[in-house]
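Given next are the chains, with one letter for each unit.
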Amino acid sequence: MCIYILATITKNFHPEFEKKILEVWEQSPKGNLTNLGGKRFHQLSRIMGVKNAALLLKNMQRSDYSTIQTMSNCELQELMTNILT
């Protein structure tokens, strides 16, 4: 689930949030690869690992957060501070 969240959030959203999501995923029990992503993700993850495949596809497929930002940087930082602490 966490790797899916990481792959679906936009690029440059919030680095500390992304780091925490990765930490949760790395500490979680590993499930069946077929429960994650689609065909392209499965192929890439067999070659380069799940984490690297998720990061690569995110950077290739997702737009930069600044292009779709719905809250000010100050509001985002406040939200992330509440979530991460």
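None of the values given here were measured: they were computed from a predicted structure. (Residues numbered from 1 in each chain as written. Predicted model: local features only at pLDDT ≥ 70, side-chain atom pairs only at ≥ 80, totals over all residues. Heavy atoms only, no water.)

J.: I'd love a proper account of the side chain of Lys58, names of residues and values included.
T.: Here Lys58 lies in helix H4 (residues 50-61). On the accessibility criterion, Lys58 (3% relative accessible area) is buried. Beyond its immediate stretch of four places on either side in the chain, Lys58 contacts Leu6, Ala7, Ile9, Thr10, Lys11 and Glu18. (Helix = DSSP H or I, 4+ residues; strand = E, 2+ residues; numbered from the N terminus. Buried < 20%, exposed > 50% of the residue type's maximum accessible area, 1.4 Å probe, protein only. Contact = heavy atoms within 4.5 Å.)

J.: Would you mind going over the side chain of His42 in detail, with residue names and values included?
T.: Inspection of the secondary structure puts His42 in helix H3 (residues 39-48). Taking the relative accessible area as the measure of exposure, His42 reaches 14% and is therefore buried. Discounting residues that sit within four places of it in the chain, His42 has contacts with Leu33, Thr34, Leu36 and Gly37.

J.: Report on the nonpolar core, specifying residues and quantitative values.
T.: The biggest cluster of nonpolar side chains holds 19 residues, and the ones touching the most others in it are Ile3, Phe13, Phe17, Phe41 and Val50. With residues near it in sequence (within four places) discarded, Phe41 still touches Leu33, Leu36, Val50, Ala53, Ala54 and Leu57. (Core = buried A, V, L, I, M, F, W, Y, C linked by side-chain atoms within 4.5 Å.)

J.: Describe the packing of aromatic side chains, with residues and values.
T.: Two aromatic rings are characterised by how far apart their centres lie and by the angle between their planes. Throughout the structure, instances matching the rule amount to two aromatic pairs. Taking the centre distance of 5.7 Å and the plane angle of 80° together, the rings of Phe13 and Phe17 count as edge-to-face. By the burial criterion, Phe13 is buried, and Phe17 matches it. For the pair Phe13 and Tyr65, a centre-to-centre distance of 5.0 Å together with 85° between the ring planes defines the contact as edge-to-face. (Phe/Tyr/Trp six-rings, centres within 6.5 Å; stacked < 30°, edge-to-face > 60°.)

J.: Which residues make up unusual backbone geometry, and what are the values?
T.: Even without being a glycine, Asn12 presents a positive backbone phi close to 55°. The topology assignment puts Asn12 in the loop between helix H1 (2-8) and helix H2 (15-27). The class of Asn12 is exposed, set by a relative accessible area of 55%.

J.: Any chance you could break down H3 for me, citing the residues and the numbers?
T.: Every buried residue of H3 is accounted for by Phe41, His42, Leu44 and Ser45. Considering only its buried residues, H3 is in contact with H4. Of the residues trailing H3, Gly49 is marked for its positive phi of about 95°.

J.: Which residues make up the packing of H2 against H4, and what values do they have?
T.: Between H2 and H4, the shortest axis-to-axis distance is 12 Å and the interhelical angle comes to 150°. Considering their axes alone, H2 and H4 lie roughly antiparallel with respect to each other. The two elements H2 and H4 meet at a crossing, and its hand is right-handed. On the side of H2, the interface is formed by Glu18, Leu22, Trp25 and Glu26, while H4 contributes Val50, Lys51 and Lys58. (Axes fitted to C-alpha atoms, helices over the stretch in contact; angles between N-to-C directions. Parallel < 35°, antiparallel > 145°, perpendicular 65-115°, else oblique. Left-handed = near helix turned anticlockwise from the far one by under 90°.)

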